[in-house]
Amino acid sequence: MLSSARNPSTATYPPVSVILILKPNTDRASESFAQLTNHLESLDDISFTFHDVHGEGQVLTEVYLLGDTARLSKEAMASLPCVERAVRVQESYRILGRHGEEDRQEGFDYNGVRFSQDDLHVFAGLCAVDTPEHVEIMMKALKEHGQQCTRMGAYKPRTSPYSFQGHGASCLPWVFELAGKYDIRVIAMEVTHERHIDEIDEALEKTGNPTGVMLQIGTRNTQNFELLKHVGRQKRHPVLFKRGFGITLNESLNAAEYLASEGNPNVVFALRGMKNQGGDPHRNMVDFTHVPVVKRLTRMPVCVDPSHSVGSRHSSPDGLLDVFHATAQGVIAGANMVLVDFHPKPAGALVDGPQALRMSELGWFLEDVSIAREAYLLRRKAADRALKTNN
Ligand code: PEP
Ligand code: MN
């Protein structure tokens, strides 16, 4: 939760701020909390906001100090009532950034599903919702395979205005009802306009909230700052934020920070390949080596989208599709979410059929993901052992 205290002064300061990390489960009604607030209010040219991070079994409150913070001593700040430690933040993604703090609290729960840098969820589903029959086949198969998340595109940002633009609001009620029927808890769904959030909320209300929706920002909207501000102002749904396909990682991380700075820090960062001729014959240059980089720089869980990276169903002599290989590369590097296109009839799909996996491949795909995940967990154990021995 963000709550503004005072307006920042109009003077310009270097982009440096201080984050005070309070002791776990600090009571905001306590005397010491009041003392802290009073002290912060007495600081000239400094504004502050409170931000709660909900971890497993504890709430951690962080206080962001903005303005002329260069003059504050970190030690003095760390000795204030309720404060566990103070962190000086240089980078521009202040809220989502890790700032060298390896144990900064991260992750969030949404509709009974935990998203963090330690979890892994597969979001297999339709790039574009077409018919109720196809949506039902998809969701039924997911339930049979013990899955509780999916992807369903209702609003499609297309390169050509003459291509299918998605069914929009009209399909939402039956998509949500089918999700409820098959116990799907989270649907990743792209929004391309602020109006779409209201449409999703209305359809969820109308159908009795049978599922949850993670709002997706597509790569074409990575720097649509007004859309980001709108999506960031709502706190009901978490956000799946796609990296911009033609900008630097730093620019994309700054863009993701717009969501958090407006109030919603529950953001998953998705790698989906970069536009660059070097990626040929894949649709985009697969950038999954950046999974650990994003985890190091930020507290966001990291998603990989092998479908939009690879863009085809090509396979190699080992029998594995390139989409499987790319997924495994992301998962073995520690990815926390996989967004992947499936379709009951790829040849008839209205969007991105050539890259869609078949329903008959779902079990195999999930098995391949588990193998890569196990390998990642073994790699972590080996790293722990090696680091203990070497230090
Ligand atoms: C999608 O996931 O359907 C999509 C359009 O992805 P991207 O924004 O990465 O192209
Ligand atoms: Mn697509």
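Everything quoted here is computed from the prediction, not taken from an experiment.

A. Structural view of the overall build of the chain. Assigned secondary structure in the chain consists of eleven helices and 15 strands. A compact globule built from 391 residues would reach a C-alpha radius of gyration of about 21 Å, and the chain, at 22 Å, matches this within 12%. In terms of principal-axis extent, the alpha carbons of the chain reach across some 65 × 55 × 40 Å. Within the chain, the proportion of its 391 residues that are buried is 53%. At a minimum sequence separation of 6, the contacts of the chain that also span at least 24 residues come to 73%. About 17000 Å² of surface is accessible on the chain, with carbon and sulfur atoms providing 51% of the total. Treating the 42 positive side-chain charges of the chain as one cloud and the 48 negative ones as another, the clouds have centres 2 Å apart.

B. A look at the sheet that holds strand β9 (residues 149-151). Pairing in this open sheet of eight strands is parallel, and the strands run β8-β15-β14-β13-β12-β11-β10-β9 from one edge to the other. Of all strands in the sheet, those with a lone pairing partner are β8 (121-125) and β9, marking the two edges. For this sheet, the mean angle separating the axes of adjacent strands, direction not counted, is 25 degrees. Here strand β13 (residues 267-271) pairs with strand β14 (residues 302-304) via three bridges, running parallel. Its bridge partner lying in β14, leucine 271 is registered against valine 304. Helix α4 (residues 172-181) rests against β10 (186-190) and β11 (212-217) of the sheet, and its axis sits at about 155 degrees to β10.

C. Summary view of the site of ligand 1. Neighbouring ligand 1 are Cys127, Arg151, Lys156, Glu190, Gln216, Gly218, Thr219, Arg220, Lys242, Arg272 and His308. Contact between ligand 1 and lysine 156: an oxygen atom at 2.8 Å from a side-chain N or O atom of the residue. Measuring from an oxygen atom of ligand 1, one finds a side-chain N or O atom of arginine 220 at 3.0 Å. With the chains in place, 97% of the 300 Å² that ligand 1 exposes on its own is no longer accessible. Tallied by class, residues from the shell around ligand 1 come to one nonpolar, four polar and six charged.

D. The domain arrangement of the chain, seen in detail. Structurally, the chain comprises domain 1 (3-90) and domain 2 (110-387). Measuring from the centre of the C-alpha atoms in domain 1 to the corresponding centre in domain 2 gives 34 Å.

E. Looking closely at unusual backbone geometry. In the segment running from aspartate 280 into proline 281, the intervening peptide bond is cis, with an omega of 5 degrees. Here proline 281 is to be found in the loop between β13 and α8 (291-297). In the Ramachandran plot, asparagine 25 falls in the positive-phi region, its phi being about 55 degrees despite a non-glycine side chain. Its location among the elements puts asparagine 25 in the loop between β2 (17-22) and α1 (31-41). For asparagine 25, a relative accessible area of 49% puts it in the partly exposed group. In this structure, cysteine 82 takes a positive phi of about 75 degrees despite not being glycine. Tracing the chain through its elements places cysteine 82 in the loop between α2 (74-78) and β5 (83-89).

Cut-offs and rules
- Residues numbered from 1 in each chain as written.
- Chains lettered and ligands numbered in written order.
- Predicted model: local features only at pLDDT ≥ 70, side-chain atom pairs only at ≥ 80, totals over all residues.
- Heavy atoms only, no water.
- Helix = DSSP H or I, 4+ residues; strand = E, 2+ residues; numbered from the N terminus.
- Rg over C-alpha atoms; globule rule 2.2 N^0.38 Å.
- Buried < 20%, exposed > 50% of the residue type's maximum accessible area, 1.4 Å probe, protein only.
- Contact = heavy atoms within 4.5 Å.
- Areas by Shrake-Rupley, 256 points an atom, 1.4 Å probe, with all protein chains shown as cover.
- Lys, Arg positive; Asp, Glu negative; His and termini not counted.
- Charge placed at Lys NZ, Arg CZ, Asp CG, Glu CD.
- Pairing = 2+ DSSP bridges.
- Axes fitted to C-alpha atoms, helices over the stretch in contact; angles between N-to-C directions.
- Near = heavy atom within 4 Å.
- Polar contact = N/O pair within 3.5 Å; in protein donor to acceptor, adjacent residues only side chain to side chain.
- Nonpolar A, V, L, I, M, F, W, Y, C, P; charged D, E, K, R; others polar.
- Domains from an automatic or database assignment.

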